[in-house]
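# Observations on the three-dimensional arrangement
Here's the letter readout for the chains.
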Amino acid sequence: MVAFGKKLKERQIQEWQGYYINYKLMKKKVRQHAQQIEVGTQDRRHVLKDFSRMLDNQIEKIVLFLLEQQGLLASRIAKLNEQQEALQQQPDISEISQLREAYREVGRDLLKLLFFIEINAIGLRKILKKFDKRFGYRFTDYYVKTRANHPYSQLQQVFKHVGLGAVVGAISRNLHELQEHQGSYLSIYDQPAFPFQEPVVDSMKAAVDRLTHSTNYLNFLAQHALIMQEELPTSEGPVDDQRYHFMSLLLNLVNTFLYMVNTYIIVPTADDYSMSLGAAATVCGIVIGSMAVAQVFSSVYFSAWSNKSYFKPLVFSSIVLFIGNVMYALAYDFNSIAILLIGRLFCGLGSARAVNRRYISDCVPLKIRMQASAGFVSASALGMACGPALAGLLQANFKIYKVTFNQETSPGWLMSLAWLLYLVWLWISFREPCIETEESSAAQESTTEPVENDALEKGLKKPLLLNSEDKQETEDGDGEFDGSDGAPEESRGPATSIGSAYKLLTPSVKVQLLIYFMLKYAMEVLLSESSVVTTYYFGWSTSSVAIFLACLGLTVLPVNIVVGSYISNMFEDRQILLASEIMVCIGILLSFHIISPYTVPQYVCSGLIMFVSAEVLEGVNLSLLSRVMSSRLSRGTYNGGLLSTEAGTLARVVADGTITLAGYLGESKLLNVTLLPSLVICVASIVATCFTYNSLY
């Protein structure tokens, strides 16, 4: 990893070099103050005062230059507006074209200014974090509390850009009016939905969104995939379009969709299938969970394989899943529970989600990576909903040459056909991208996992600031060896094993992985035992169970729309996180069978509360996790995405195992026995969240 100070210097606009935050000087000052305190020549209070004054001066330098440049841009726009007024009287096509290009030039200069602000904001956050680490004192909290709303402080000017927003609006409006519709008598305000394609405007809006940390549904959904941009912004787009192939991306997303369908299509019928083979209904926990057991291992080798190829792992995945589904379907005619379980294990061994995520990270251009990431999450959600729905439709019962097709075996036959067709499509249409060598990839910043670049902006809303203050010291050292800041640059490569990756996890990240484990455990218990519980208490048919599960799955995208577009803009992530955990806990409590009779409204309402709350919790938790994960976990085989996948997969394995073990106590006790561990883990996650409340943001 390249040192932050070096990256900061390389990405500065040369003519503005003297107006950037002097990161090198301030880093040197931090070391000097640390040495002074060690030898006793300075007390802590004097150090805080001196460093605060230096920060104030640096921020004031940035803000004064910002205001000066903003005024120059406004003056240029005013002059261009005068030319535009004159052209309205005597239109001239060539002059209109020149005027539009002049507005674009102002827009490009504004982009430079937005880039200037963003890079200074990141440098400011970095130096505050470094000070906290060296002195063991939450100076950041003190500094933001005292400067956030003080009338003499310039801190807010770095993060609130009302003036710049007005400049963006002026450029956008004038470019729109100068578009090729000069003969129209309608104002642009009479057609608010009229599409306006202008790259400069799109880039400006994206830059403002990053600075103001505005949240929208697409961005919120994309963060679930843990595929984000690098820490420092670039003023020029990356040259990675040659690796992008739309059909290959589509095939990648189809693989994601089909795998999720494959996972959940057997849930409504797994208990009936188990009983038809002479096992107990609760063995459905092992049947469903065996796929997750295999996925624990497949995630690792697929992640490693994706370092060298994307096409071959996807082909292998399709073949293994085809074989697994055929074995699952044939188990009925062989009357063998062993073949059934081996078939599901094969399905788990074909899990290529690590490849799906890695392909988006490495081969999709930055300008559409957010949309591709959102597509990855949407494909997973739709697959989760479609799986049970398809199971409810497969009610046929016939034989062809002693091969049985019924509601238990049809999911296996349907998915084997789907994977066979997908394999043919993949072989014909997928284009293997050029794989980078280790030398070339080492020079680039990976975008598999985001690094926190927006905590300070959020911290200004509340005195609770950094989302990663408690990261490991190696993460804070900027990759430079200065005798005090951690490891040299050579030792800051990607993790080489699960163990080394785990060591990079800070307490706050571990808590968030615990939350992820908890919500996946609770959801798996609810989904996997639904057919057994509803049959025992309510006598539901396979179709009824399928409809219930499909309805739960269909809530995923609407819930994310509401949270991403509205709730996350009204409340802080930490508030939504804790509230969602409490709601999951309430849903679990309401699900217990304490008062007889156990009714359908109680089960459905409590299950809906639990599932929807878990979905909200998953979105917010992954959004936070994507910002606090160590940058050393952003690339390589053992990356942050793999760790989160393993945490969720292990949760499913444990949950399905719990269902099977609880089955030995009888179906009458299954519900309460399986809900009890969910409640304990949920309460533990709430307590852990409260103890690390300051660090989870």
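Below you will find a few notes about this structure. (Residues numbered from 1 in each chain as written. Predicted model: local features only at pLDDT ≥ 70, side-chain atom pairs only at ≥ 80, totals over all residues. Heavy atoms only, no water.)

### Some points on helix H23 (residues 530–538)
Definition in use: A 1.4 Å probe rolled over the protein chains alone gives each residue an accessible area, and that area as a share of the maximum for its type sets the label: buried under 20%, exposed over 50%, partly exposed in between. Elements are defined by DSSP. Helices are runs of H or I of four residues or more, strands are runs of E of two residues or more, and each kind is numbered from the N terminus.
Burial of H23 is extensive: seven of the nine residues sit out of reach of the surface. For H23, the complete set of buried residues consists of Ser-530, Ser-531, Val-532, Val-533, Thr-534, Tyr-537 and Phe-538. Two residues or fewer past H23, Gly-539 is found with a positive phi of approximately 70°.

### Some words on the state of the cysteines
Counted only if it meets this: Any two cysteine sulfur atoms within 2.5 Å of one another count as a disulfide.
Applying the stated criterion across every chain, the model contains zero disulfides. Distance from the sulfur of Cys-682, which forms no disulfide, to the nearest cysteine sulfur (Cys-585) is 4.4 Å.

### Let's talk about the packing of aromatic side chains
The condition is simple: Side-chain rings of Phe, Tyr and Trp (the six-membered ring for Trp) are treated as a pair once their centres are within 6.5 Å; stacked means planes under 30 degrees apart, edge-to-face means over 60, and tilted covers the remaining angles.
On inspection of all chains with the given rule, the structure shows 31 aromatic pairs. When the centroid spacing of 5.8 Å and the interplanar angle of 85° are considered together, the rings of Trp-16 and Phe-116 count as edge-to-face. Highlighted residues: Trp-16 in the loop between helix H1 (4–10) and helix H2 (23–39) and Phe-116 in helix H4 (residues 93–135), separated in sequence by 100 residues. Across the pair, exposure class does not vary: Trp-16 and Phe-116 are buried alike. Taken together, a centroid distance of 5.8 Å and an interplanar angle of 50° make the contact between Tyr-359 and Phe-430 tilted. With Tyr-359 in helix H15 (residues 353–363) and Phe-430 in the loop between helix H17 (410–429) and helix H18 (438–442), this residue pair connects regions lying 71 residues apart in the sequence. Like Tyr-359, the residue Phe-430 is buried in the burial classification.

### Remarks on the pattern of salt bridges
The condition that has to hold: Should a side-chain nitrogen of Lys or Arg be within 4 Å of a carboxyl oxygen of Asp or Glu, the pair is scored as a salt bridge.
Across all of its chains, the model carries eight salt bridges by this definition. The closest approach of N and O atoms between Arg-104 and Glu-101, which form a salt bridge, is 3.3 Å. Taken together, the residues Arg-104 and Glu-101, both in helix H4 and three residues apart, mark about one turn of the helix. On the basis of relative accessible area, Arg-104 is assigned to the buried category, the value being 18%. Taken together, the shared-partner salt bridges in this structure form one network comprising Glu-101, Arg-104, Glu-105 and Arg-108.

### Quick look at unusual backbone geometry
Cis peptide bonds are those with omega within 30 degrees of zero, and the linkage from Ser-596 to Pro-597 qualifies with -5°. Turning to its location among the elements, Pro-597 is positioned in the loop between helix H26 (573–591) and helix H27 (600–628). Its identity as a non-glycine residue notwithstanding, Asn-335 has a phi of 50°, on the positive side. Turning to its location among the elements, Asn-335 is positioned in the loop between helix H13 (311–334) and helix H14 (337–349). Positive phi, close to 50°, is recorded for Tyr-401, a residue that is not glycine. Turning to its location among the elements, Tyr-401 is positioned in the loop between strand E1 (398–400) and strand E2 (403–405). Classification of Tyr-401 as exposed rests on a relative accessible area of 78%.

Function cannot be inferred from these measures alone, as they are strictly geometric.
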